[in-house]
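This is what each chain is made of:
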Amino acid sequence: MIRLNDILDRALSYNPEADLEVVKRAYVFSAKVHQGQVRLSGEPYLVHPIEVAGVLTDLRMDVDSIGTGLLHDVVEDAWTDLEQIERIFGKEISFLVDGVTKISQISFSSSEKKQAENLRKMIVAMTKDVRVILIKLADRLHNMRTLEYHEEDRRVKIAQETRNIYAPLAQRLGINWLKSELEDLSFMHLNPERYYRLAKRIAKSRKEREKYIEEVEGIVKGILTKSGVPAEVSGRSKNLFSINQKMEKYDLDFDQVYDIIAFRVMVGSIKECYQALGIIHSHWKPVPKRFKDYIAMPKANGYQSLHTTVIGPRGERVEIQIRTEQMHRVAEAGIATHWKYKEGKVIQEKGDWEFAWLRQLLEWQQEVPDASEFLDTVKIDLFPNEVYVFTPRGDVKEFPRGATPVDFAYSVHTDIGNHCAGAKLSGKIVSLKTELKNGDIVEIITSPTKSPNRDWLRFAKTSRAKAKIRQWISRAERERKSALGRELLEKDFRKHGLNLSKLIRSGEVKRVARERNYKEVESLIVAVGTGVIPPSQISKRFVRAEDFQSEKASALQKVLRKPAKRSPTAISIKGVDDIMVRFGKCCNPLPGDNVIGFITRGRGVTVHKTDCPWALESDQERRLEVQWDLREQSVRPVKIKVVCVDQPGMLAQITHSISSVDVNIQHAKIQTTMDKTAIGIFELNVRDTSHLRSVIRSVEKIGGVISVERLGA
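Residues numbered from 1 in each chain as written. Predicted model: local features only at pLDDT ≥ 70, side-chain atom pairs only at ≥ 80, totals over all residues. Heavy atoms only, no water.

## Focus: the side chain of His189
Line of reasoning, step 1. As for its placement among the helices and strands, His189 is situated in helix α11 (residues 176-190).
Line of reasoning, step 2. With near-sequence residues (within four places) excluded, His189 lies in contact with Met144, Leu147, Glu148, Arg155, Val156 and Ala159. (Helix = DSSP H or I, 4+ residues; strand = E, 2+ residues; numbered from the N terminus. Contact = heavy atoms within 4.5 Å.)

## Remarks on the sheet that holds strand β2 (residues 261-267)
Line of reasoning, step 1. With mixed pairing, 5 strands are arranged side by side in an open sheet as β1-β2-β5-β4-β3. Because the sheet does not close on itself, it has two edges, and the strands there are β1 (232-237) and β3 (292-293).
Line of reasoning, step 2. Pairing geometry for β2 and strand β5 (residues 317-324), over 6 bridges, is parallel. When the sheet's bridge partners are listed, Ala262 is paired in β5 with Glu319.
Line of reasoning, step 3. Where helix α16 (residues 325-333) meets the sheet, it contacts β2 and β5, and its direction lies at approximately 110° from that of β5. (Pairing = 2+ DSSP bridges. Axes fitted to C-alpha atoms, helices over the stretch in contact; angles between N-to-C directions.)

## Quick look at the nonpolar core
Line of reasoning, step 1. Residues Val23, Leu137, Leu224, Val265, Ile320 and Ile322 are the most contacted members of the largest nonpolar core, which totals 92 residues.
Line of reasoning, step 2. If we ignore the near neighbours within four places in the chain, the residues touching Leu224 are Val229, Ala231, Val265, Ala276 and Ile279.
Line of reasoning, step 3. With 20 residues, the next largest nonpolar core counts Leu590, Ile654, Ile696 and Ile702 among its residues. (Core = buried A, V, L, I, M, F, W, Y, C linked by side-chain atoms within 4.5 Å. Buried < 20%, exposed > 50% of the residue type's maximum accessible area, 1.4 Å probe, protein only.)

## Some thoughts on the sheet that holds strand β10 (residues 442-446)
Line of reasoning, step 1. With antiparallel pairing, the 3 strands of this open sheet are ordered in space as β9-β8-β10. The sheet is open, and its two edges are formed by β9 (428-430) and β10, each paired on a single side. On average, each strand axis in the sheet is tilted by 35° relative to the strand beside it, whichever way the strands run.
Line of reasoning, step 2. Inspection of the sheet shows strand β8 (residues 420-425) paired to β10 by 5 bridges, in the antiparallel sense. If you follow Gly422 over to β10, its bridge partner there is Ile445.
Line of reasoning, step 3. Packed on one face of the sheet, helix α20 (residues 405-412) meets β8, β9 and β10 and runs near 80° to β10.

## Concerning the pattern of salt bridges
Line of reasoning, step 1. Considering all chains together, one arrives at 23 salt bridges under this definition.
Line of reasoning, step 2. Measuring nitrogen to oxygen at the nearest pair gives 3.1 Å for the salt bridge that ties Arg10 to Asp58. Taken as a pair, Arg10 in helix α1 (residues 4-14) and Asp58 in helix α3 (residues 47-58) lie far apart in primary sequence, 48 residues in all.
Line of reasoning, step 3. Classification of Arg10 as partly exposed rests on a relative accessible area of 32%.
Line of reasoning, step 4. The class for Asp58 is partly exposed, based on a relative accessible area of 37%.
Line of reasoning, step 5. Between Asp593 and Arg710 there is a salt bridge; the shortest N-O distance is 2.9 Å. Taken together, the positions of Asp593 in the loop between β12 (581-583) and β13 (595-599) and Arg710 in strand β20 (residues 705-711) put the pair 117 residues apart, joining distant regions of the chain.
Line of reasoning, step 6. Taking the relative accessible area as the measure of exposure, Asp593 reaches 11% and is therefore buried.
Line of reasoning, step 7. Here Arg710 falls in the buried class, since its relative accessible area comes to 16%. (Salt bridge = Lys/Arg side-chain N within 4 Å of Asp/Glu carboxyl O.)

## Let's talk about the confidence of the model for the chain
Caution applies to low-pLDDT parts of the model: their predicted coordinates are not meant to be read in detail.
Line of reasoning, step 1. Predicted confidence across the chain gives a mean pLDDT of 81, with 81% of residues reaching 70 or more.
Line of reasoning, step 2. pLDDT under 50 marks residues 339-354. Its contacts with residues more than four places away, or in other chains, come to 38 contacts.
Line of reasoning, step 3. Low confidence marks residues 559-567, where pLDDT is under 50. Its contacts with residues over four positions away, or in another chain, come to 17 contacts. (pLDDT = per-residue confidence, 0-100.)

## What to know about the environment of Gly485
Line of reasoning, step 1. Mapped onto the elements, Gly485 comes out in helix α23 (residues 463-495).
Line of reasoning, step 2. Those residues in contact with Gly485, other than ones at most four positions away along the chain, are Ile525, Val528 and Gly529.

## Comments concerning the packing of aromatic side chains
Line of reasoning, step 1. Across all of its chains, the model carries 8 aromatic pairs by this definition.
Line of reasoning, step 2. Judged by centre distance (5.6 Å) and plane angle (85°), the rings of Phe29 and Phe89 are edge-to-face. Linking Phe29 in helix α2 (residues 21-33) with Phe89 in helix α6 (residues 82-89), this pair joins segments that are 60 residues apart in sequence.
Line of reasoning, step 3. The class of Phe29 is buried, set by a relative accessible area of 11%.
Line of reasoning, step 4. Exposure remark for Phe89: the relative accessible area of 10% places this residue in the buried category.
Line of reasoning, step 5. Between Phe187 and Phe241 the ring centres are 6.4 Å apart and the planes differ by 70°, which places this aromatic pair in the edge-to-face class. Here Phe187, found in helix α11, pairs with Phe241, found in helix α14 (residues 240-249); they are 54 residues apart in sequence, far enough to count as distant.
Line of reasoning, step 6. When its relative accessible area of 5% is taken as the criterion, Phe187 is described as buried. (Phe/Tyr/Trp six-rings, centres within 6.5 Å; stacked < 30°, edge-to-face > 60°.)

## A short note on α2
Line of reasoning, step 1. Given a rise of 1.5 Å per residue, 13 residues ought to cover 18 Å, and the 19 Å separating the end C-alpha atoms of α2 matches this to within 8%.
Line of reasoning, step 2. Restricting attention to buried positions, one finds in α2 the residues Val22, Val23, Ala26, Phe29 and Ser30. The buried residues of α2 occupy an angular sector of 125° when the element is viewed end-on, so they sit on one face. Facing away from the buried side of α2 by more than 90 degrees, the exposed set consists of Val28 and Lys32. (Expected span 1.5 Å × (residues − 1). Arc of directions from axis to C-beta.)

## Some details on the packing of α3 against helix α9 (residues 131-145)
Line of reasoning, step 1. Orientation of α3 relative to α9, taken along the N-to-C sense of each, is 125°, at an axis distance of 9 Å. By the angle class used here, α3 and α9 are oblique. The way α3 lies across α9 gives a crossing that is right-handed. Seen from α3, the contacting residues are His48, Glu51, Val52, Val55 and Leu56; seen from α9, they are Leu134, Ile135, Ala138, Asp139, Leu141, His142, Asn143 and Arg145.
Line of reasoning, step 2. Partitioned by chemical class, the residues of the contact of α3 with α9 number 7 nonpolar, 3 polar and 3 charged. (Parallel < 35°, antiparallel > 145°, perpendicular 65-115°, else oblique. Left-handed = near helix turned anticlockwise from the far one by under 90°. Nonpolar A, V, L, I, M, F, W, Y, C, P; charged D, E, K, R; others polar.)

Written out as structure tokens, the structure reads:
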């Protein structure tokens, strides 16, 4: 266990002028209020805050942060109030303790909306003072190191939260060693069998790996020294989580993962970084497309290094990172390396690139009112895979991998994004869907007649672009629904000899709006345009009830004046016989689905599923209640999509399985893909949804079938 003197010595080692009195007083106070408390492990509770303070010294944090690490649980677990903390330790530490306490009370395992709102709270706390989240990360690290003492359900919950929220935050803040340990500890508790199996495989080959590391270190150091570039060279195995991720992503066995070792070359200057790269490339053949220059174009969290992969000794791939000592400090501690210059404050330092991401988060949480949308925003930026492009002026801009000209346009200005018509990449005109590549020079073509549409959301990658597109669509959609609602109301009002505009001016319509809990007339009109309220429900407030019923009956008879002979469709319409019934091809309803009918002039009634997008947007005035007549024994066509392994005999097994549940196959179309899977579209005749479910269950039982789904559902 770490001791107080160890913490004090560490703090002095990187900050010799530090006033450690506050740390000593925080230790005495914490020991007093936690006296008699024990952890699940049985050890004194004081061990936890001491270990947290120790992690904070590993991050080279200031004395107020270390003091807060010792005090971070006193409000939540020791019945101490913030007024007492402020009185004894001052406003700064009181603020930090309060921030960490509030984050500790946040749960990320609740509903998505609650999770999103809680994440928003944490981000706000972090952007007010970044030390709050750094202290919380230290707290979470020690809790993960002792997680085995919790019950299994609790362990899994905390491990999932750590993997999904805290490890990505550590990575985004540039604290790589902390990120790696959190990932491995989460992996150990979420998938212990695979974790220990992988750990055993790595341990088994440790001697051979250590010998290989020693060999490569010697070669690299030798060729660099010989060329006049003194360097420190070290090799290490990648963390278990990242090795497992690679195995799962590329479907590899452990023996097929060649680059589980990474080598780090530390030199004295940026110039020597590039010299070392050239020397290494002249000695070993570089692997194409595996070179990344994070010195010229740093990551958003400040990370800088040259990355390359070469074919090293014995023909094995060797990953090498080349950096200076200062770059290494930033790579290991990230944003924590800047605390003594910024005093923990990040929002005020608008000229500092290392805090740009945090400032953006604060701006986004203020701009995006919907918490779930904000959660999507943060997820995008917590898991970056960057690409770097240039503006026509030569400025570098960073985007997530897969970003398009639309993302670039919105990064320049909202109006440029909203009127983006096309783009030029390095002088070549491309579509807005084109993915940006490293080194592209991007020029946006705008048009005053161009505006965003929903398709843009499919290929926009950045959170800013997605948020701005959604804002435009939401505003345009409301305007469209308002125009439609007004048109429907005016048409319905005219049938009764009423003037909508006159009634709005008189305040009568506003009174009806308030009765329906709408603050303004415009919201009521939008509700009509959306289909939430039929226009007849508004107009009938201004006419006599008997006149309204008479007009409605007359209109219905007029629409259905020339019905065709009814066919046996298993659909019954209350109060109406001999009506031609058709089924919407968009949703292809089956007996057992919830359905609704719509009157179509001269073509009877069209039946749709109640959740069909067409039905939700259609004229509610033409809506009829319909239901399935289960006395009618008939079959309906339906399509299913089967994705399976591409291997001999699969089609025969699938068709036999479908036929075995008394289903006739009308048509089948099969296609194969490059990844050795096959996709089959089968058109079947089934009696109802229950019959279809039996088909799906039967096909799913076949070995090699990946998924089965109903189409047009």
